[in-house]
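Summary of the model geometry
Residue strings, one per chain:
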Amino acid sequence: MSSKVDEALGYEQARDELIEVVRRLEAGGTTLEESLALWERGEELAKVCRRWLEGARARLDAALAEETAHEEKNGDDAG
């Protein structure tokens, strides 16, 4: 149930908000309903972070594969 706002969050924004959610949960003093809402928000933020990290991993893998293909095509003299 991710919203357009969540999809627009940058990695750092989502991570920082997730840290705050965890801090509030660990501090206690919230009602069960508030705790559940925080937990749900934390899950959504974790998904946003995961998508960003998976995207970054895919970009790195693609760049490394391109570099490897380029080296194989041109013959790597540096090795």
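Residues numbered from 1 in each chain as written. Predicted model: local features only at pLDDT ≥ 70, side-chain atom pairs only at ≥ 80, totals over all residues. Heavy atoms only, no water.

**As for the overall build of the protein chain**
Put simply, the rule reads: Secondary structure elements follow DSSP: runs of H or I no shorter than four residues count as helices, runs of E no shorter than two count as strands, and numbering proceeds from the N terminus. Think of it in three bands: with a 1.4 Å probe and only protein chains considered, a residue is buried below 20% of the maximum accessible area for its type, exposed above 50%, and partly exposed in between. Two residues qualify as a contact provided that any one of their heavy atoms is within 4.5 Å of a heavy atom in the partner residue.
On a plain count of helices and strands, the protein chain comes out with three helices and zero strands. Put simply, the protein chain has 79 residues, and 14% of those count as buried. At a minimum sequence separation of 6, the contacts of the protein chain that also span at least 24 residues come to 73%.

**Quick notes on the nonpolar core**
Applied cut-off: In plain words, nonpolar cores are sets of buried Ala, Val, Leu, Ile, Met, Phe, Trp, Tyr and Cys residues tied together by side-chain atoms within 4.5 Å.
Leu9, Ala14, Val21, Leu38, Leu45, Val48 and Cys49 form the largest nonpolar core, which has seven residues in total. Within the residue set of this core, elements represented by two or more residues are α2 (11-27) and α3 (32-74). The biggest single contributor to this core is α3, with four residues. Ignoring anything within four residues of it in the chain, the contact list for Leu45 reads Leu9, Ala14, Glu17, Leu18 and Val21.

**Concerning α3**
For clarity, the threshold we go by: The span expected for a helix works out to 1.5 Å for each residue beyond the first.
Taking 1.5 Å as the rise per residue, α3 with 43 residues should run 63 Å; its terminal C-alpha atoms sit 62 Å apart, in good agreement. Buried residues of α3: Leu38, Gly42, Glu44, Leu45, Val48 and Cys49, and no others. A positive backbone phi angle near 70° is found at Gly75, which sits one or two residues after α3.

**Focus on a negative patch on the surface**
As a reminder of what qualifies: Candidate patch residues must exceed 30% relative accessible area and have no salt bridge, after which like charges are joined if within 9 Å and Val, Leu, Ile, Met, Phe, Trp or Tyr side chains if within 5 Å. Here the open area of atoms and residues is found with the Shrake-Rupley method and a 1.4 Å probe, where only the protein chains shown may cover a residue. Salt bridges are defined by distance alone: a side-chain nitrogen of Lys or Arg within 4 Å of a carboxyl oxygen of Asp or Glu. Lys and Arg are tallied as positive, Asp and Glu as negative. Neither His nor the chain termini are counted. One atom stands in for each charge, and that atom is NZ of Lys, CZ of Arg, CG of Asp or CD of Glu.
A contiguous patch of negative charge, built from Glu66, Glu67, Glu71 and Glu72, is present on the exposed surface. Along the chain, Glu72 turns up in helix α3.

These figures come from the coordinates and say nothing about function on their own.
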